[in-house]
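Notes for the structure review
Residue-level listing of the chains:
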Amino acid sequence: MSLAPSRTIFRPVQSPSRRDPGRTHTRGFLVTFEGGEGSGKSTQIERLADFLRSEGHEVVTAREPGTTQVGEAVRELLLRTAREDLTPESELALFLAARAELVAEVVRPALEAGRVVLLDRYGDSSVAYQGYGRGLEPDRVKALNAFFTRGLTPDLTVLIDVPVEASAERSRNRPADRIERAGRSFHGKVRDGYRDMALNEPERFVVLDGTEPIDSVQSAIRGAVLEALAERIPTSRTEST
Ligand code: TYD
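The structure displayed is predicted, hence computed values, not measured ones. (Residues numbered from 1 in each chain as written. Predicted model: local features only at pLDDT ≥ 70, side-chain atom pairs only at ≥ 80, totals over all residues. Heavy atoms only, no water.)

A few points about the pairing of strand β5 (residues 205–209)
Along β5, four of the five residues are buried, which leaves the element largely enclosed by surrounding structure. Relative to β5, strand β4 (residues 156–161) runs parallel, the two sharing five bridges. Paired with aspartate 161 across the two strands is aspartate 209, which belongs to β5. (Buried < 20%, exposed > 50% of the residue type's maximum accessible area, 1.4 Å probe, protein only. Helix = DSSP H or I, 4+ residues; strand = E, 2+ residues; numbered from the N terminus. Pairing = 2+ DSSP bridges.)

A short note on the packing of helix α3 (residues 88–112) against helix α4 (residues 123–133)
Across the interface, α3 lies against α4 with an axial gap of 10 Å and an inter-helix angle of 175°. Judged by the angle between their axes, α3 and α4 are roughly antiparallel. Of the residues in α4, those touching α3 at Pro88, Glu91, Leu92, Phe95 and Arg99 are Gly123, Ser126 and Gln130. Counted by class, the contact of α3 with α4 contains three nonpolar, three polar and two charged residues. (Axes fitted to C-alpha atoms, helices over the stretch in contact; angles between N-to-C directions. Parallel < 35°, antiparallel > 145°, perpendicular 65-115°, else oblique. Contact = heavy atoms within 4.5 Å. Nonpolar A, V, L, I, M, F, W, Y, C, P; charged D, E, K, R; others polar.)

Details of the site of the ligand
In the vicinity of the ligand, 14 residues are found, and the nearest of them are Lys41, Arg75, Arg121, Ser126 and Gln130. The separation between an oxygen atom of the ligand and a polar side-chain atom of arginine 121 is 2.7 Å. Surface burial for the ligand is 91%, taken as the share of its 540 Å² of free accessible area covered by protein chains. The site holding the ligand turns out to be the largest pocket. Secondary structure elements with two or more residues in the shell around the ligand: α2 (69–81), α3 and α4. When residues of the shell around the ligand are assigned to their parent elements, the largest contribution, four residues, is made by α4. Its residues placed into classes, the shell around the ligand shows four nonpolar, three polar and seven charged. (Near = heavy atom within 4 Å. Polar contact = N/O pair within 3.5 Å; in protein donor to acceptor, adjacent residues only side chain to side chain. Areas by Shrake-Rupley, 256 points an atom, 1.4 Å probe, with all protein chains shown as cover. 1 Å grid on protein atoms, 1.4 Å probe; cavity = no way out; pocket = protein on both sides within 12 Å on 5 of 7 lines; lining within 4 Å. Sits in = over half its atoms within 2 Å of the grid points.)

Right, dumping it as structure tokens:
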């Protein structure tokens, strides 16, 4: 299948519309990280957070589902205890509830205070997993994301793309949760879904090859984030005066 993003591997997308991709907050900067299982998102986020702090930014990190009390309860319920045959709609509803809490309690206040927020998964995970993966209509999932987050869109989304075989290999040494056990065909659909979304919104997504060494991926992420921040800073200053 030729779903390879045409111009994004290790190259931040340049687009004038990055300056204002439907922004719904006024000061901080929201970067979301997406990808399949074992794509190395959390390591990359930790390293990026340290780097941005060393550059003088105030940084907040959070993961989905999780971080808030309700979010952690949803994580436990969805990933550990739920029956295998939960309906896709119920699964989506729980992820959406966790997301709404995270946005209201953590993300929006941090953005309003001018912080850089790094999120390990956000709405695109629901579109990829419950939409493309479980078969719910992706556009409906997008509309529900907008409703549950009151329209909070990321300024930049980093997709760490890893072939399904490589993710399975990387995840082999830890116990699989309910979604990880969903099978290769499911995870193939998730990966294709992500790549499709990135192609449809090149102004928001940067797609990186997660099979490259951690350091190379990290430096590509830093490049993309610094570039996007540099584009944003004059706008933020104007708004905050
Ligand atoms: P996690 O242990 O955080 O995995 P990862 O390190 O891969 O992020 O588990 C999150 C799981 O939940 C992962 O399999 C993706 C899935 N998920 C969804 O299916 N829909 C969603 O909206 C979100 C946020 C996560």
